[in-house]
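Reading the structure
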Amino acid sequence: MDYLQIIGKQTLNGAVKISGAKNAALPLLGATILSKNSLTISNLPNVVDINTFLKLLKMLGATYTLENEQVNIDSTTINKTKATYEIVKTMRASILVLGPLLARFGHCEVSLPGGCAIGQRPVDLHLKALEEMGAIIEIKNGYIEAKAPYGLKGAKIIFDKVTVTGSENIIMAAALAHGTTTIINAAKEPEVVQLCEILQDSGVEINGIGTNTLTIKGSDQKLLDMKNFTIIPDRIEAGTYLCAGAITNNKLTVTDVIADHLSAILIKFEQMGFTIKQTNSTVTIYPASDIKPVNIITTEYPGFPTDMQAQFMAIATIANGVSIIDEKLFENRFMHASELIRMGANITINGTVATITGINQLYGADVMATDLRASSALVLAALVAKDTTNIHRIYHLDRGYNQLEVKLSNLGANIKRLKG
Ligand code: EPZ
């Protein structure tokens, strides 16, 4: 199996171009199921999860041609409505075909996504909302069997918890429903906003975009006239590379970003003593004279994103003082802590709260990636650790970062992908 070998303490400098957002591309690929025509999607990130989702759509009968970061996809040819365990088990975001398939065909079977390393990841809120829209949902042999033979009907939905893919599933289902759907306590991440904007451009009447209350007027099962579009930049990839500048205390620029999507992250860098300068498409981080500790509570957008928690924990391990990180969204998202401790970090976990006491020096070690963002935290720690770090099970990393070792190498890191 591939592993990354990093020799720490190199000086980084330069700029890195940020790719399209994986978590925007996934629901938007699902939305092509609602389209009456083929279309081209640009700035598609070349990461494993996107390729898996395209494979799922192809299994259902869609056709596509993928070239560099552009895909021309025709989902009008879809003639199957079963998303099998084999593919869903490799990527739980496959659940994003549930809403569109049910809305378009009136029935579908989607394997229940299992949990994953960071938590149980239930989909009960997705299913409850679809039932309120008139769907009949049964769980049989590990599959969600959903039926709505006369189409879904508009309903007033309230999410007891903010759910990103839950909101996205219901937004897509509502787009083809009979009547109007109101979603209260919807997610408003930039990725959810782009899904709404693309559907609106396809003729769906949506009000409240960017707020927690959405009103969606369904098309009475008429397929949508989807136009070509470009995926927004990946705010988590951008934040991760800025963390590389922070942890090595070097100046570093990310380009092709939307700085507004990073506000909570940028404020935390400034609280730690770094200087941030932004233009409308770039953000640059400048070294801190003294890296201060940080207090973080993860929450929904526009608050501090859970997907950046692991990366900031890595920086906190070498800050001058004690940092507190409270992970409110997922019950098991501290697995990177034990690997950082193997590199010399001083971290104690008590329930959802991690206390990180900064130390002067991390040391290279053999460590194991456990989930996507934890993997990037280990890479960040390795960049500043003394000696060599080998990071194993980096298939986790490849799910959400395109050629991370190449991009870091171009910035001056000593990092190689080796065969284990
Ligand atoms: C999305 O996951 C992202 N994935 C995750 O990014 C991200 O960490 C998460 O949102 C939170 O921002 C994609 O967009 C593909 P949720 P999602 O439903 O939608 C609970 C990455 O690194 N919940 O917003 O699955 C759930 O357990 C990934 O790219 C229910 O209880 O997350 C969690 O505590 C990791 N029942 C909370 O809500 C449900 O039916 C938020 O989960 C659904 C969710």
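Conventions used here
- Residues numbered from 1 in each chain as written.
- Predicted model: local features only at pLDDT ≥ 70, side-chain atom pairs only at ≥ 80, totals over all residues.
- Heavy atoms only, no water.
- Core = buried A, V, L, I, M, F, W, Y, C linked by side-chain atoms within 4.5 Å.
- Buried < 20%, exposed > 50% of the residue type's maximum accessible area, 1.4 Å probe, protein only.
- Contact = heavy atoms within 4.5 Å.
- Near = heavy atom within 4 Å.
- Polar contact = N/O pair within 3.5 Å; in protein donor to acceptor, adjacent residues only side chain to side chain.
- Areas by Shrake-Rupley, 256 points an atom, 1.4 Å probe, with all protein chains shown as cover.
- Helix = DSSP H or I, 4+ residues; strand = E, 2+ residues; numbered from the N terminus.
- Nonpolar A, V, L, I, M, F, W, Y, C, P; charged D, E, K, R; others polar.
- Salt bridge = Lys/Arg side-chain N within 4 Å of Asp/Glu carboxyl O.
- Axes fitted to C-alpha atoms, helices over the stretch in contact; angles between N-to-C directions.
- Parallel < 35°, antiparallel > 145°, perpendicular 65-115°, else oblique.
- Pairing = 2+ DSSP bridges.

1. Regarding the nonpolar core
If you look at the biggest cluster of nonpolar residues, it comprises 77 residues, and the most contacted ones within it are L130, M133, L152 and L199. Residues in contact with L199, not counting those within four places in the same chain, are A31, L34, I171, A175, V204, I206 and L224. Ranked by size, the runner-up nonpolar core spans 73 residues in total, among them C243, I359, L411 and A413.

2. Points about the site of the ligand
Near the ligand you find 22 residues, and of these L125, T163, T165, D307 and L329 are the closest. Measuring from an oxygen atom of the ligand, one finds a side-chain N or O atom of T165 at 2.6 Å. R333 has a polar side-chain atom sitting 3.3 Å from an oxygen atom of the ligand. Here the ligand has 830 Å² of accessible area as a free molecule, and 90% of this is covered by the chains. Looking at the shell around the ligand, the elements with two or more residues in it are helix 1 (22-31), helix 5 (124-132), helix 6 (164-175) and helix 12 (372-384). Classifying every residue of the shell around the ligand by side-chain character gives 9 nonpolar, 5 polar and 8 charged.

3. A few points about the pattern of salt bridges
Under the counting rule described, the total for this entry stands at 16 salt bridges. K407 serves as the salt-bridge partner of E237, at 2.8 Å between the closest nitrogen and oxygen. Of this pair, E237 sits in helix 8 (residues 235-248) while K407 sits in helix 14 (residues 404-410), and the two are 170 residues apart along the sequence. For the pair shown, E237 and K407 are each scored as buried. The partner of E405 in a salt bridge is R417, and the shortest N-O contact between them spans 2.8 Å. With E405 in helix 14 and R417 in strand 24 (residues 414-419), this pair connects stretches of sequence that are 12 residues apart. Salt bridges linked by common partners bring D2, D398, E405, R417 and K419 together as one network.

4. What about the packing of helix 1 against helix 2 (residues 48-60)?
Taken N-terminus to C-terminus, the directions of helix 1 and helix 2 make an angle of 5°; their axes are 10 Å apart at the nearest point. Taken together, helix 1 and helix 2 sit at an angle that is classed as roughly parallel. Counted together, K22, A25, L26, L29 and G30 of helix 1 and D49, I50, F53, L54 and L57 of helix 2 form the full contact between these two elements.

5. A few points about the pairing of strand 20 (residues 346-350)
Note: strand 20 against strand 21 (residues 353-357), 5 bridges, orientation antiparallel. The residue bridging T348 from the neighbouring strand is T355, located in strand 21.

6. Points about the environment of A62
Turning to its location among the elements, A62 is positioned in the loop between helix 2 and strand 4 (63-67). Residue class for A62 comes out buried when judged on its relative accessible area of 4%. As a C-alpha pair, A62 and G106 span 44 residues in sequence and 18 Å in three-dimensional space. If near-sequence neighbours (up to four positions away) are discounted, A62 is found in contact with L57, D74, S75, T77 and I78.

7. Here's the deal with the sheet that holds strand 15 (residues 252-255)
Reading across the sheet, the 4 strands line up as 2-15-17-16 and stay open at both edges, with mixed pairing between neighbours. Strands at the two margins of the open sheet, each flanked by one partner only, are strand 2 (15-17) and strand 16 (275-278). Neighbouring strand axes in the sheet, compared pairwise and without regard to direction, differ in orientation by 20° on average. Inspection of the sheet shows strand 2 paired to strand 15 by 3 bridges, in the parallel sense.

8. Some details on the environment of N414
When you line up the elements, N414 lands in strand 24. Separated by 55 residues in the primary sequence, N414 and I359 place their C-alpha atoms 23 Å from one another. Sequence-distant contacts of N414, defined by excluding residues within four places in its chain, comprise Q5, I6, I7 and Q10.

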